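Okay, here's what each chain looks like letter by letter:
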Amino acid sequence: MDIQEYKGIFVFVQQVDNKIASVSFELLGKAKELAKDMETEVTAVLLGYNVSGLCNDLARYGADKIIMVDNKALEVYATEPYTHSMCKIIEKYKPAVVLYGATAIGRDLAPRISARVKTGLTADCTKLEIADDGTKNLRMTRPAFGGNIMATILCPEHRPQMATVRPGVMQKIKPIEGATAPVDKFDIEIGPDHQNVEVLEVIKKVSNKMDIQDAKILVSGGRGMGCPENFKLLQDLADALGGTVSSSRACVDAGWVEKDIQVGQTGKTVRPNLYIACGISGAIQHLAGMEESDVIIAINKDESAPIFEVADYGIVGDVTKILPIFTEEVKKAMAARNNA
Ligand SMILES: Cc1cc2nc3c(=O)[nH]c(=O)nc-3n(C[C@H](O)[C@H](O)[C@H](O)COP(=O)(O)OP(=O)(O)OC[C@H]3O[C@@H](n4cnc5c(N)ncnc54)[C@H](O)[C@@H]3O)c2cc1C
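Keep in mind the model is a prediction, meaning the values are calculated, not measured.

A.B. asks: Explain the domain arrangement of the protein chain residue by residue, including any values.
C.D. replies: One can read the domain layout of the protein chain as domain 1 (3-194) and domain 2 (217-339). For domain 1 versus domain 2, the distance between C-alpha centres works out to 34 Å. With nine residues of domain 1 in contact, the opposing surface of domain 2 contributes eight residues. Taken over both partners, the interface formed by domain 1 and domain 2 buries close to 690 Å², and the fraction arising from carbon and sulfur atoms is 31%. Taken together, the links from domain 1 to domain 2 amount to zero salt bridges. Across the domain 1-domain 2 interface, the total number found is four residue pairs in polar contact (both at pLDDT 80 or more). Taken together, the residues of the side of domain 1 that touches domain 2 sort by class into three nonpolar, five polar and one charged.

Here is the structure:
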């Protein structure tokens, strides 16, 4: 393999029902930064059916070029036709880097592709940078051993260098209004050999809850809440503030709350304007998902809890006593503000 032949940064665009996943825009933003250091371009790879309407959005969020495969067989995500298409694209266009979101789809797809094209893949990265030692290799950093060490991994002799990246970690760019990008429509034959799995039905779970990654204010509970019933105290504060409730893994493992509100390394990465950690000790795996929040308030009865190391404001005391008072004060302040 002549690695010099491989150029450009490709971002796999995840779309479901012709709606682009937020992580794909985040990856385009990051790719734009990396492309500057690599002196190359960002290409969005869009697979699906009747997806041409999505191209302008990709350009607005930083794609210099778009490769689109529009095929009925790609309407609903399935491992084989997507793997086949991505491998054909890699074979033809020879990218230096390919990035995927570390979503259920990305985590399913990327290892298949890396095995087929015989290259390296780093899973669930939280940091990407270009080596400044002249090689311009991609340095892919991810938490390992339960988040106790950060591993920086290179793929120096194979191309493309591939990574799945945690949703919520990278930043989207401010959309460039009116931006367009040339679209290369690539026709790929997807025959019965590439479709051994038939999707009979897609069952969608209907949720009217806000995704914690979109929330501006999170009121988060940990084991220190004592019991699931006490989550009502968090909901009351969240309602008063116009926020959303999230949690540590301990509460998910205990069956108190659903996994989709878990913050942390094996949950979601959040970056709200305000994160209120209630009865959360601040284990490294939890901090990994929330320490970039703009303002952090911690309530914990143990003054030596590690959460206080990242907190902007801390209250030492019993959360079940403090929360009702906190909520009352917020309500009063809100009422005063609304009357002003
Ligand atoms: C591979 C791996 C991945 C992981 N991924 C995640 C993850 O994604 N997210 C995550 O959160 N964890 C994760 N963990 C688990 C993590 O290590 C911790 O076990 C977990 O975060 C602890 O949750 P907690 O802070 O709610 O509970 P604890 O650590 O038990 O802390 C409870 C806190 O509440 C305080 N407290 C108790 N009672 C009160 C009270 N009445 N008032 C005020 N404070 C009180 C205590 O002082 C204590 O600090 C992971 C672990 C591993 C090994």
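A.B. asks: Kindly report on the sheet that holds strand 4 (residues 42-48), identifying the contributing residues and their values.
C.D. replies: Spatially, 7-11-6-1-4-5-12 is the arrangement adopted by the seven strands of the open sheet, whose pairing is parallel. Two strands close off the open sheet at either side, each with one partner strand: strand 7 (121-125) and strand 12 (183-185). Strand-to-strand, the axes of this sheet are offset by a mean angle of 20 degrees, without reference to chain direction. Along the sheet face, helix 1 (residues 22-38) touches strand 1 (9-13), strand 4, strand 6 (97-101) and strand 11 (161-165) and points at about 180 degrees away from the line of strand 1. Against the sheet, helix 3 (residues 79-93) touches strand 1, strand 4, strand 5 (65-70), strand 6, strand 11 and strand 12, its axis set at about 150 degrees to strand 4.

A.B. asks: Report on helix 3, specifying residues and quantitative values.
C.D. replies: With 15 residues, helix 3 should cover 21 Å at 1.5 Å per step; its first-to-last C-alpha distance of 21 Å lies within 8% of that length. Where burial is concerned, most of helix 3 is hidden: eleven out of the 15 residues are buried. Among the residues of helix 3, those classed as buried are Thr79, Glu80, Pro81, Tyr82, Thr83, His84, Ser85, Met86, Cys87, Ile89 and Ile90. At the C-terminal side of helix 3, Lys94 shows a positive phi close to 50 degrees.

A.B. asks: How would you sum up the sheet that holds strand 9 (residues 138-144)? Please name residues and give values.
C.D. replies: Pairing within the open sheet is antiparallel, and its three strands lie in the order 8-9-10. In the strand order of this sheet, the two ends are held by strand 8 (127-130) and strand 10 (149-153), each with one partner. The average undirected angle you get between the axes of adjacent strands in this sheet is 25 degrees. The pairing of strand 9 with strand 10 spans five bridges and is classified as antiparallel. Note that in strand 10 the partner of Arg142 across the bridge is Ala151. Against the sheet, helix 1 engages strand 8 and strand 9, with an angle of about 20 degrees to strand 8.

A.B. asks: Quick rundown of the site of the ligand? Include the residues and the values.
C.D. replies: Around the ligand sit 25 residues in total, of which Arg223, Ser248, Thr266, Ser281 and Gln285 are the nearest. One nitrogen or oxygen atom from the side chain of Ser248 is found 2.6 Å from an oxygen atom belonging to the ligand. For the ligand, an oxygen atom lies 2.8 Å from a polar atom in the side chain of His286. For the ligand, whose accessible area on its own is 980 Å², the fraction buried by protein is 76%. Across the shell around the ligand, the residue classes tally to five nonpolar, 15 polar and five charged.

A.B. asks: Outline helix 9 (residues 319-339), supporting the account with residue identities and numerical values.
C.D. replies: The terminal C-alpha atoms of helix 9, which comprises 21 residues, lie 30 Å apart, in line with the 30 Å expected from a rise of 1.5 Å per residue. Regarding helix 9, the residues found buried are Val319, Ile322, Leu323, Thr327 and Val330. All buried residues of helix 9 lie within an arc of 135 degrees about the axis, which places them on one face of the element. More than 90 degrees from the buried face of helix 9, the exposed residues found are Lys321, Ile325, Lys332 and Asn339. On its buried face, helix 9 sits against helix 5 (231-241), strand 15 (274-278), strand 16 (295-300) and strand 17 (313-316).

A.B. asks: I'd like a rundown of the pattern of salt bridges, residues and numbers included.
C.D. replies: As enumerated under the stated definition, the model contains 20 salt bridges in all. Of the charged contacts, one joins Glu33 and Lys30 as a salt bridge, the two residues approaching to 2.9 Å between their closest N and O atoms. Of the two residues, Glu33 and Lys30 both sit in helix 1, three residues apart, roughly one turn of that helix.

A.B. asks: Outline the packing of helix 5 against helix 9, supporting the account with residue identities and numerical values.
C.D. replies: In the contact formed by helix 5 and helix 9, the axes pass within 9 Å of each other and the chain directions differ by 15 degrees. For the element pair helix 5 / helix 9, the angle class is roughly parallel. Read as a crossing pair, helix 5 and helix 9 show a hand that is left-handed. Contacts between helix 5 and helix 9 involve Leu233, Leu234, Asp236, Leu237, Ala240 and Leu241 from the former and Thr320, Leu323, Pro324, Phe326, Thr327, Val330, Lys331 and Met334 from the latter. Class assignment of the residues belonging to the contact of helix 5 with helix 9 gives a composition of ten nonpolar, two polar and two charged.

What counts as what
- Residues numbered from 1 in each chain as written.
- Predicted model: local features only at pLDDT ≥ 70, side-chain atom pairs only at ≥ 80, totals over all residues.
- Heavy atoms only, no water.
- Domains from an automatic or database assignment.
- Contact = heavy atoms within 4.5 Å.
- Buried area = accessible area lost by both parts, 1.4 Å probe.
- Salt bridge = Lys/Arg side-chain N within 4 Å of Asp/Glu carboxyl O.
- Polar contact = N/O pair within 3.5 Å; in protein donor to acceptor, adjacent residues only side chain to side chain.
- Nonpolar A, V, L, I, M, F, W, Y, C, P; charged D, E, K, R; others polar.
- Pairing = 2+ DSSP bridges.
- Helix = DSSP H or I, 4+ residues; strand = E, 2+ residues; numbered from the N terminus.
- Axes fitted to C-alpha atoms, helices over the stretch in contact; angles between N-to-C directions.
- Expected span 1.5 Å × (residues − 1).
- Buried < 20%, exposed > 50% of the residue type's maximum accessible area, 1.4 Å probe, protein only.
- Near = heavy atom within 4 Å.
- Areas by Shrake-Rupley, 256 points an atom, 1.4 Å probe, with all protein chains shown as cover.
- Arc of directions from axis to C-beta.
- Parallel < 35°, antiparallel > 145°, perpendicular 65-115°, else oblique.
- Left-handed = near helix turned anticlockwise from the far one by under 90°.

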